[in-house]
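Below, each chain spelled out in residue letters.
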Amino acid sequence: MNLPGRHSLLWRLAGALALFCLLLVSLHVDVGRELIDATSYLPESTRQTLKGYAREAETTWREEGAAGVDAFLQRLQEREQIWAVVVDQHKDSLSSQTLTAEQAQRLDFVRRLEFPVGRPGGTPTFYIPFSDGNARLVMELPQRLNPRKYNELWELLLQRVLPAVLAVVVAVLLYRLLIAPLAILRRQAAALSAGDLSARLGPQVTRRKDELGELARTFDHMAERLQGTVGFQRQLLRDLSHELRTPLARLRVAGESEQDVEALRQRLAREVEEMEKLVGDALELVWLDTERPSLPLEEVDIVRLWDVLRENAGFETGWPIERMPCELPADCRVLGNLNGLAQALENILRNAIRHSPEGGVVRLAGQREGEQWLLCIEDQGPGVAESELETIFRPFTRLSAARPGGDGFGLGLAIARSMIATQGGHLWAENARPGLRLKLRLQSV
C-alpha cells in the first residue's frame, strides 16, 4: 500500500494525536515529578516558623524549667494539633512527662529542617536544636505548613482537569482542520443546488495541499464547469431560437406570396436543409461541451488528410487544389481521432475559403516542436480585430462586416475548437497581415 503524500491529512491527524499523547504523558510524568520535587523541601518561611517555636521552647525551658516546657507543649498542641516533645542530647524528655517507648522510637526517625519531607501523604517529624546544641525541639510538621498540602488538588488538576482542557483544545484544532472546511463545502453545495451557480469554496479551502484542498478544487472546478455549461446552453438556446426564426419567417412569407409551386418546393427544401444543418451543428456542439467525449486516438497522417479535405472542398466550391497548398513535411503525423480531426480541419478550411478574397490562397503549414506539432492554416482575408480573436470561436458569431462571406451560422470554428480539445489539442487564432492564421497544437506520434 502506497503511503499518502507529505501534505496528507493522515500526517496532520497523526501529528495531532501524537502531540496529545505526549502532552498527556508529560502531565502525568514530567509535571508530576516536577511537582513532587518542588514540594520535597520546606520553604524558608516554614523553617523560620519552626525555628521560632524552638526559640520559644528554649526560652521557656531556661526560665521556667519543666513546668514551662509542659505549658509550651500544651500551647503548641492546641495551636497546631501536632505531636511535639523537648528532649536533651540523650533523648530524655525535658518536660515533666517521660517519653513512652513508642515516642522514644519516633525520635529515631526525625530529620533536620534541610532534609526532604519524605514520601507523599506522610507526616514528617523534624527536630530543631537549641542554641547550645544539646537540647532540641522535636515536632511533627503542622499541616498548614506542609508544602504538599495542595498536592492532591494539583494532582486532580493535572490528571483530570488539564487533560480535559487539552482534549477540548485538540478537538477545536481538529474541528478547524477538518469540520470547518466541510461546513463551508456543505454551505456552498447547498447554494449550488439551490441555483446559485456562482457558489465557490474560495482560496481559504482551495489553497490547502491536503485531501480537503483537492476536494475543494474539484468542487470549484465542477461548479465552474456547471456554470459554464448552463450558461453556454442558455446562450445557445437563445441564439438557436433566433436563428430558426429567420428561415421560418422566409418560409411563411414564401408560402403566402409564392405562386410557383416548383419554386416554393425548392425554397422549402433549401430552408429545411439549412435548418437541419443548424440543428445538427448545434446539437453536436452541445454534445461536445456537455459530454466531453473521450475519442479513440490513432496515428493520423495530416498531409494525406489535407489532400482529401481540399479535394472535397475544391469540388464543392470550385477552388483548384493549387490554391490550398500543403507545406508540411511528409512525416507530419499526429495522435488524434481521424473523424474528429477531419471535421475540425474541414470546418477551418471552409471558413477560410468563405472569407477569402477572389483568387485567394488557403495554406497549411507547420513545424514540429518537441513532442507536438504546431499546424497553421492561413487565409488571405482581411483578418479580424485583435479584440475579436477569441470571439470568433463562440457559437453564432459572424463578423461579416469585417470579413466577406458572412453566410453560415457561426458554428464551424466553435465545433472545431471543441473537437480539437477532446483530442488533447488546442486551437487559437492570430492575425497574419493580411489574413487570419488559425493554429493547432497536437500531440505528435
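Details of the structure are given in the entry above.
Position labels on residues start from 1 in each chain and follow its written sequence. For this predicted model, a pLDDT threshold of at least 70 governs which residues receive local features, and a threshold of 80 or more governs which side-chain atom pairs are given and counted, while totals over whole chains, interfaces and linings are taken from all residues. Excluded from the side-chain calculation are hydrogens and water; included are all heavy atoms of the structure.

(A) Representation of the sheet that holds strand β3 (residues 136–140) in the model. Ordered by their spatial adjacency, 3 strands build an open sheet running β1-β3-β2, and the pairing between neighbours is antiparallel. With partners counted over all chains shown, the strands left at the sheet margins are β1 (84–87) and β2 (125–129), one partner each. Taking the axes of each pair of neighbouring strands and ignoring which way they run, one obtains an average angle of 20° across the sheet. Sheet topology places β2 next to β3; 5 bridges connect them, and they run antiparallel. Two strands pair under a simple rule: DSSP has to find at least two bridges between them. Each helix is a run of H or I in the DSSP string that is no shorter than four residues. Each strand is a run of E no shorter than two, and both are numbered from the N terminus. Here an axis means a line fitted to C-alpha atoms, over the contact stretch when the element is a helix, while the angle between two N-to-C directions is reported on a 0 to 180 degree scale.

(B) Summary view of the nonpolar core. Judged by nonpolar contacts, the single largest core of 45 residues is most densely connected at I302, L341 and L375. Of all the elements in the fold, those that place two or more residues in this core are α7 (261–291), α8 (302–317), α9 (338–354), β7 (372–378), α10 (412–422), β8 (426–431) and β9 (436–443). Among the elements that take part in this core, α9 stands out by supplying 8 residues, more than any other. To form a nonpolar core, buried Ala, Val, Leu, Ile, Met, Phe, Trp, Tyr and Cys residues must be joined to one another through side-chain atoms within 4.5 Å. Each residue is assigned to one of three classes by its accessible area relative to the maximum for its type, calculated with a 1.4 Å probe on protein chains only: buried under 20%, partly exposed between the two thresholds, exposed over 50%.

(C) Focus on a nonpolar patch on the surface. Like charges within 9 Å and nonpolar side chains (Val, Leu, Ile, Met, Phe, Trp, Tyr) within 5 Å are joined into patches, using only residues over 30% in relative accessible area that form no salt bridge. Accessibility throughout is a Shrake-Rupley quantity obtained with a 1.4 Å probe, and a residue counts as covered only by protein chains that appear here. What makes a salt bridge here is a side-chain nitrogen of Lys or Arg within 4 Å of a carboxyl oxygen of Asp or Glu, nothing more. On the surface, Y150, L153, W154, L156, V161, V165, V169 and L173 cluster together into a nonpolar patch covering about 770 Å² of accessible area. Locating W154 in the fold gives a position in helix α4 (residues 151–193).

(D) Structural context of the pairing of β2. The buried fraction of β2 is high, at 4 of 5 residues. The turn linking β2 back onto β3 is made up of 6 residues, and G133 within it adopts a positive phi angle of 80°.

(E) Region of interest: the environment of V303. The topology assignment puts V303 in helix α8. Sequence separation between V303 and P329 is 26 residues; the distance between their C-alpha atoms is 7.9 Å. Any pair of residues with heavy atoms lying within 4.5 Å of one another is described as a contacting pair. With residues near it in sequence (within four places) discarded, V303 still touches C326, L328, P329, A330 and C332.

(F) Structural context of the side chain of E140. As for its position among the elements, E140 is in strand β3. Residues adjacent in sequence count toward polar contacts only when both atoms are side-chain atoms; beyond that, a polar contact is any pair of N or O atoms within 3.5 Å, and within protein one must be able to donate a hydrogen and the other to accept it. Engagement of the side chain of E140 in a polar contact is seen with the side chain of R106, the distance being 2.6 Å.

(G) Layout of the sheet that holds β8. Spatial ordering of the open sheet is given by β6-β7-β9-β8, a layout of 4 strands whose pairing is antiparallel. Both outer strands of the open sheet, β6 (363–369) and β8, are each paired with one neighbouring strand and no more. Neighbour to neighbour, the strand axes of the sheet diverge by 20° on average, direction disregarded. Two elements, β6 and β7, share 7 bridges in a ladder whose sense is antiparallel. Of the residues in β7, the one forming a bridge with L364 is I377.

(H) View of helix α1 (residues 9–38). One fewer than the residue count of a helix, multiplied by 1.5 Å, yields its expected span. Taking 1.5 Å of rise per residue, the 30 residues of α1 would be expected to cover 44 Å, and the 41 Å separating its terminal C-alpha atoms lies within 8% of that figure. In this scheme, the bend at a residue equals the angle between the axes fitted to the seven residues that finish there and the seven that begin there. Along α1, the helix axis deviates most sharply at S26, where the bend reaches about 40°. Turning to α1, its buried residues are L9, F20, L27, G32 and L35.

(I) Spotlight on the packing of α9 against α10. Between α9 and α10, the shortest axis-to-axis distance is 9 Å and the interhelical angle comes to 150°. One element, α9, and the other, α10, form an angle in the roughly antiparallel class. For the crossing formed where α9 meets α10, the hand is left-handed. On α10, the residues that touch G340, L341, Q343, A344, N347, I348 and N351 of α9 are G412, L413, I415, A416, M419 and I420. Under the grouping applied here, Gly and all other residues not named as nonpolar or charged are polar, the nonpolar ones being Ala, Val, Leu, Ile, Met, Phe, Trp, Tyr, Cys and Pro and the charged ones Asp, Glu, Lys and Arg. Of the residues in the contact of α9 with α10, the class split is 8 nonpolar, 5 polar and no charged. Here the word oblique covers every angle except those under 35 degrees (roughly parallel), over 145 (roughly antiparallel) and from 65 to 115 (roughly perpendicular). Throughout, a crossing is termed right-handed when the near helix is turned clockwise from the far one, and left-handed when it is turned anticlockwise from it by less than a right angle.

(J) Molecular detail of the pattern of salt bridges. What the rule picks out here adds up to 19 salt bridges. Its salt-bridge partner being R437, residue E378 comes within 3.1 Å of it at the nearest N-O pair. Taken together, the positions of E378 in strand β7 and R437 in strand β9 put the pair 59 residues apart, joining distant regions of the chain. Among the ionic contacts, a cluster of salt bridges with common partners joins E378, E430, R437 and K439.

(K) Quick look at the environment of G318. Along the chain, G318 turns up in the loop between α8 and β5 (333–336). Expressed as a C-alpha distance, the spacing of G318 and R187, which sit 131 residues apart in the sequence, is 61 Å.

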